[in-house]
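# Structural features, examined
The primary structure of each chain is shown beneath.
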Amino acid sequence: MEVRTRFAPSPTGFMHLGGVRTALYAFLYARKNGGKFILRIEDTDQERYVEGATEVIYDTLKACGMQWDEGPDVGGDYGPYIQSERKDIYLPYAEELIRKGKAYYCFCTKEELDERRRAAESRGETFKYDKHCLYLSADEVRKRLDAGMPYVIRQNAPTEGESSYHDMVFGDISMPNDTLDDMVLIKQDGMPTYNFANVIDDHLMGITHVIRGMEYLSSTPKYDLLYEAFGWDIPKYIHLPTVMRDASHKLSKRDGDAYYSDFISKGYLTEALINYLALVGWNPGDDREFFTMDELIEAFDVKGINKAPGIFDVNKLTWFNAHYIRELPFEKYLGMVTPWFDSVFDGMENKPDYRRLAELMQGRTEVFGLVPGMVSFLRYMPEYGDDLYFNKKMKTSPETAGPTLEMVRPVLEGIDDWKEDVIHDRVMEKIAESGMKNGAVLWPLRIAISGLANTPGGAFEIAYLLGKEETLRRLDAAVARLKKA
RNA sequence: GCCUCCAUUGUCUAGUGGCCUAGGACACCGCCCUCUCAAGGCGGAAACAUGGGUUCGAAUCCCAUUGGAGGUGCCA
């Protein structure tokens, strides 16, 4: 039988990284098994409707390289793929359940239920609907229905015995039936709840493997009861461990910065995000770290999925990101880094040589968002202290720096062809002539023109990028300052 | 509270009774390279939550405790 998995997000307007990982595993499982990956939009909560939210889902999945085989925009044989457009499908099924005694009309109002819930909670008990409306006579139900009284339809769950099911990650799970609450299937507004629509749609769409977060672990027995009542095949379950922000907090929307788009705008690469996310909660069974999407498909196996929640580690993500940036073809990197350069150099008369700067920056870029901070010294001379001239190994100090700089200055001034190799050769000649160590000259020179302990590239590169005029200007300023001190 | 699930270094993980004096990766520290930083190379510190069993033998199996997560919505 063909494997069919689905990703069924609710359109909130953002794609959460936990959601991206869930989608990824569902996608990988389908591809690995030569099956179909289906996208279904779960928008049964009308109050949460967000304009443009489905586009965010489409765009993110596409950017990540997870093309769905069936879905709202691409169609398929089991549409529509947006639950609000399937509204009329669900009620007949709920009525069938009522006929079978597996569900019932409930006229209790939300307000009184809320009150009872609060009361139960204050007593330290778990609130459970008492099946009050199940015991209404058929006549009474008819009467209320005819009178147009608002109602919901509830599942009639057993109260005795035990329910169990098998999960491909967590194994066998069982729970006492008396903990099963009679969940609402059809809401007062006529829309199905997630709990109901999910079961109906998964069945109607031929989903063979339900891959979702482990927050559904304890409600799954209730879903199985529904499948059984209809006489439908129960899908295989693959529940995924949660992605955590830290040991005790889920990576949630409320924490901020947990959205795919946040990471992209900070300058993370999709490839890095996918590669990293795949490895939170799953391992390939060997020591490999780097995977393309195709390699992930090839290596993916449910056996490698862990049960324990995993903490999202930005450090490691950043390491992956730096790796992928280094691997970028240079032209691609140049194109990507240019807007970040522009954010610093726009409006500048003599902008640094972007191409050269990019060459120096590519191996040093962990996240694109950090680039401006690393190159802004080329436009604005930073404030710095003279102690930067101290370098133990080179035996340099503010005292030795002055004369050294004055020695180099005329050499630089004499260069008409301001190219990196020319600067290099002339200065090195002078150093050789002076008998000093390379570093003893280059260290103070770099400090004088950059004002920074660390720079992308050394003295020659910085001097070249700055241009002759600015280099000499900064050099003079440094000399003057050292003399004063 | 009740129900379900989980538990190897700071983090992601390998490990399915002897191959474990517990392996890899990130981060961290040191050294090398080097005009700085980064990259790269080499090395270091760092874990089987606790207590009971079972067994000739336990990170691996069982139980309890502790800790954590999830559920307990007319949200999904």
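Note: the structure precedes this text.
Below is a summary of the structure that appears in this document. (Residues numbered from 1 in each chain as written. Chains lettered and ligands numbered in written order. Predicted model: local features only at pLDDT ≥ 70, side-chain atom pairs only at ≥ 80, totals over all residues. Heavy atoms only, no water.)

On to the pattern of salt bridges. The full count for this structure, using the stated rule, is 34 salt bridges. Asp114 is the partner of Arg117 in a salt bridge, and the nearest nitrogen-oxygen pair spans 3.9 Å. Taken as a pair, Arg117 and Asp114 lie in helix α4 (residues 110–122) at a separation of 3 residues, close to a single helical turn. The partly exposed category is assigned to Arg117, whose relative accessible area is 32%. (Salt bridge = Lys/Arg side-chain N within 4 Å of Asp/Glu carboxyl O. Helix = DSSP H or I, 4+ residues; strand = E, 2+ residues; numbered from the N terminus. Buried < 20%, exposed > 50% of the residue type's maximum accessible area, 1.4 Å probe, protein only.)

Our focus in this paragraph is the environment of Glu461. Among the secondary structure elements, Glu461 is positioned in helix α18 (residues 459–466). In this structure the C-alpha to C-alpha distance between Glu461 and Gly451, which are 10 residues apart in sequence, comes to 14 Å. Ignoring anything within four residues of it in the chain, the contact list for Glu461 reads Arg356, Leu360 and Glu420. At 3.0 Å, the side chain of Glu461 and the backbone nitrogen of Gly458 are in polar contact. (Contact = heavy atoms within 4.5 Å. Polar contact = N/O pair within 3.5 Å; in protein donor to acceptor, adjacent residues only side chain to side chain.)

Next up on the list: the packing of aromatic side chains. All chains considered together, the criterion is met by 28 aromatic pairs. Centre to centre, the rings of Phe345 and Tyr354 are 6.0 Å apart; their planes meet at 50°, and the pair counts as tilted. Assessed through its relative accessible area of 0%, Phe345 is described here as buried. Ring geometry for Tyr384 and Tyr389: centres 6.1 Å apart, planes at 65°, overall edge-to-face. Here the two residues Tyr384 and Tyr389 agree in accessibility, since each one is buried. By the ring-pair criterion, three or more aromatic residues cluster together here, those being Phe263, Tyr268, Tyr276, Phe290, Phe312, Trp319, Phe320 and Tyr324. Between Lys266 and the ring centre of Phe263, over which it is positioned, the NZ or CZ distance is 4.8 Å. Over the aromatic face of Trp443 sits the side chain of Arg446, whose NZ or CZ is 5.1 Å from the ring centroid. (Phe/Tyr/Trp six-rings, centres within 6.5 Å; stacked < 30°, edge-to-face > 60°. Lys NZ or Arg CZ within 6 Å of the ring centre and 35° of its normal.)

Taken together, 66 residues lie near RNA strand B, and Arg117, Thr126, Lys187, Asn283 and Arg364 sit nearest. The protein-proximal atoms of RNA strand B, defined as those within 4 Å of the protein, are 69% sugar or phosphate. Backbone polar atom of Ala453 to a sugar or linking oxygen of RNA strand B: 2.6 Å apart, as the coordinates give it. Ala459 places a main-chain nitrogen or oxygen 3.2 Å from a base nitrogen of RNA strand B. Here the surface near RNA strand B is built from residues that sort into 24 nonpolar, 23 polar and 19 charged. (Near = heavy atom within 4 Å. Nonpolar A, V, L, I, M, F, W, Y, C, P; charged D, E, K, R; others polar.)

By the alternation rule, side chains of strand β5 (residues 162–167) split into Ser163, Tyr165 and Asp167, which are all buried, and Glu162, Ser164 and His166, of which none is buried. Here β5 pairs with strand β6 (residues 171–176) via 6 bridges, running antiparallel. When the sheet's bridge partners are listed, Tyr165 is paired in β6 with Ile173. The antiparallel hairpin formed by β5 and β6 contains 3 residues in its connecting segment. (Pairing = 2+ DSSP bridges.)

By size, the foremost hydrophobic cluster in this structure holds 147 residues, and its most contacted members are Met66, Phe196, Phe341 and Leu412. Among the elements that line this core, the one with the most residues is helix α1 (residues 17–32), at 10 residues. Not counting residues within four places of it along the chain, the set of residues in contact with Leu412 comprises Trp418, Ile423, Val427, Leu445, Lys468, Thr471, Leu472 and Leu475. (Core = buried A, V, L, I, M, F, W, Y, C linked by side-chain atoms within 4.5 Å.)

This part covers the sheet that holds strand β11 (residues 249–250). On the basis of which strands lie adjacent, the open sheet formed by 3 strands has the order β11-β10-β12 and mixed pairing. Of all strands in the sheet, those bounded by a partner on one side alone are β11 and β12 (310–311). With 2 bridges joining them, strand β10 (residues 243–246) and β11 adopt antiparallel strand pairing. Note that in β11 the partner of Asp246 across the bridge is His249.

It is worth spelling out the sheet that holds strand β7 (residues 184–186) at this point. Within the open sheet, the 3 strands sit side by side as β3-β4-β7. Their pairing is antiparallel. In this open sheet, the two strands that pair with only one neighbour each are β3 (103–106) and β7. With direction set aside, neighbouring strand axes in the sheet form an average angle of 40°. Alignment of β3 against strand β4 (residues 152–155), held across 4 bridges, turns out to be antiparallel. Bridging across to β4, Tyr105 finds its partner in Ile153. (Axes fitted to C-alpha atoms, helices over the stretch in contact; angles between N-to-C directions.)

Among the residues of helix α2 (residues 53–63), Ala53, Thr54, Ile57, Tyr58, Thr60 and Leu61 are the ones counted as buried. Tucked into the core, α2 has its buried residues touching β1 (4–7), α1, β2 (36–39) and α8 (260–266). Once α2 finishes, Gly65 follows within two positions and takes phi at roughly 80°, a positive value.

For the pair helix α3 (residues 87–99) and helix α7 (residues 220–230), the least separation of the axes is 10 Å and the interaxial angle reads 80°. Compared by their axis directions, α3 and α7 come out roughly perpendicular. On the side of α3, the interface is formed by Tyr93, Glu96 and Leu97, while α7 contributes Leu226, Ala229 and Phe230. A per-class count over the contact of α3 with α7 returns 5 nonpolar, no polar and 1 charged. (Parallel < 35°, antiparallel > 145°, perpendicular 65-115°, else oblique.)

Right, let's talk about the environment of Tyr78 for a bit. Topologically, Tyr78 is positioned in the loop between α2 and α3. The class for Tyr78 is partly exposed, based on a relative accessible area of 32%. The contact partners of Tyr78, leaving out residues within four places of it in the chain, are Arg4, Glu70, Arg86, Leu204 and Met205.

The next subject is the layout of surface pockets. Considering only enclosed or pocket space, the second largest pocket measures out at about 320 Å³ in volume. Lining the second largest pocket we find 16 residues, and of these Met348, Asn350, Leu466, Glu469 and Glu470 sit closest to its centre. For the lining of the second largest pocket, the elements supplying multiple residues, two or more each, are α18 and α19 (468–484). Ranked by residues supplied to the lining of the second largest pocket, first place goes to α19 with 4 residues. Partitioning the lining of the second largest pocket into residue classes produces 6 nonpolar, 2 polar and 8 charged. (1 Å grid on protein atoms, 1.4 Å probe; cavity = no way out; pocket = protein on both sides within 12 Å on 5 of 7 lines; lining within 4 Å. Points joined across faces, edges and corners; volume = space filled by probe spheres on them.)

Everything listed here is a matter of geometry and, on its own, says nothing about what the molecule does.
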